[in-house]
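# Topology and contacts: notes
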Amino acid sequence: QMTQSPSSLSASVGDRVTISCRASEEIRHYLAWYQQRPGKLPVLLIHSASTLQSGVSSRFSGSGSGTDFTLTISSLQPEDIATYYCQKYNSAPLTFGGGTKVQIK
Amino acid sequence: EVCLVESGGALVRPGGSLTLSCAASGFTFSHSAMHWVRQAPGRGLEWLSSITGSGTYVYYADSLEGRFIISRDNANSSVSLQMHNLSVEDTAVYYCARGSNSYLGSSGDWGQGTLVAVSS
């Protein structure tokens, strides 16, 4: 089970935003973060807990290992409006978190 | 360029069956695990099933209760998902996604999705 918090947040442009993801088991660094803009496909942002996927803005960063992980957006931009999901992939089931909807205040 | 194209989505009656297919190109297919993920209207992403690159190992979400079967054809670079005893709760967009390695891995490449609607 993957538990994300908060389920939604509202922040101002330029704010630092942090999303948490907690695994119910030890998953080492096998954690990915995805962004899904409204009506669009999921996009891989970060894999291996902290490795930025090629082409993804350096505003995004990931940290953590074991059971507790964090996605940080250093300076929120209007194009970051989306729902963000974490996913474990150390072993099956490859469970997704429930998602965090990010909105602009 | 990696390309994944799902097909087979349709309107189906409760209790019915359907097979989804995903045609892949742009990478060495047998080197990648493949995943199926779905998203019900207004809901989050739900992992359904994965198959390793060789096809030796398959994995399913417990919630499927044995109703779905994943398979792959490495000669033709395709992966399929057979779905049986469908219910309205299976209504969703179904995505295939490429694993980052031959075992499981994260999903950097996704198909555009195919819609399955279950309704009487």
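Relevant structure appears above.
Residues numbered from 1 in each chain as written. Chains lettered and ligands numbered in written order. Predicted model: local features only at pLDDT ≥ 70, side-chain atom pairs only at ≥ 80, totals over all residues. Heavy atoms only, no water.

## Looking at the interface of chain A and chain B
A common way to state how big an interface is: give the accessible area lost once the parts meet. Opposite the 17 residues of chain A that make contact, chain B presents 20 residues. Summed over both partners, the interface of chain A with chain B comes to about 1400 Å²; 70% of that surface belongs to carbon and sulfur atoms. The largest contributions to the chain A side of the interface with chain B come from Leu-41, Leu-94 and Phe-96 of chain A, which together make up 36% of the buried area. If you look at where chain A meets chain B, you find zero salt bridges. Of all elements in the fold, only strand E4 (31–36), strand E5 (43–47) and strand E9 (82–88) of chain A reach the threshold of two or more residues within the side of chain A that touches chain B. For the side of chain A that touches chain B, the element with the most residues is E4 of chain A, which contributes three residues. Its residues assigned to classes, the side of chain A that touches chain B comprises eleven nonpolar, six polar and no charged. (Contact = heavy atoms within 4.5 Å. Buried area = accessible area lost by both parts, 1.4 Å probe. Salt bridge = Lys/Arg side-chain N within 4 Å of Asp/Glu carboxyl O. Helix = DSSP H or I, 4+ residues; strand = E, 2+ residues; numbered from the N terminus. Nonpolar A, V, L, I, M, F, W, Y, C, P; charged D, E, K, R; others polar.)

## Some remarks on the nonpolar core
Core analysis: the largest hydrophobic core is formed by 40 residues, its most contacted members being Trp-36, Leu-81, Met-83 and Tyr-94 of chain B. Elements supplying a minimum of two residues to this core: E4 of chain A together with strand E3 (18–25), strand E4 (34–39), strand E5 (45–51), strand E7 (68–73), strand E8 (78–83), strand E9 (92–99) and strand E11 (114–118) of chain B. Ranked by the residues each element gives to this core, the list is headed by E9 of chain B, at five residues. Ignoring anything within four residues of it in the chain, the contact list for Leu-81 of chain B reads Leu-18, Thr-19, Leu-20, Trp-36, Leu-48, Ser-49, Phe-68, Ile-69, Ile-70 and Tyr-94 of chain B. Grouped together as the second largest cluster of nonpolar side chains are 23 residues, Met-2, Leu-9, Ile-46 and Phe-60 of chain A included. (Core = buried A, V, L, I, M, F, W, Y, C linked by side-chain atoms within 4.5 Å. Buried < 20%, exposed > 50% of the residue type's maximum accessible area, 1.4 Å probe, protein only.)

## Considering the pairing of E11 of chain B
Residues and elements named next belong to chain B. Side chains Thr-114, Val-116 and Val-118 of E11 all project onto a buried face; the interleaved residues Leu-115 and Ala-117 project onto a face where none is buried. Alignment of strand E2 (residues 11–12) against E11, held across two bridges, turns out to be parallel. Opposite Leu-11, over in E11, you have Ala-117 as the bridge partner. Judged from the three bridges that link them, E9 and E11 form a sheet pairing that is antiparallel. Paired with Ala-92 across the bridge in E11 is Val-116. (Pairing = 2+ DSSP bridges.)

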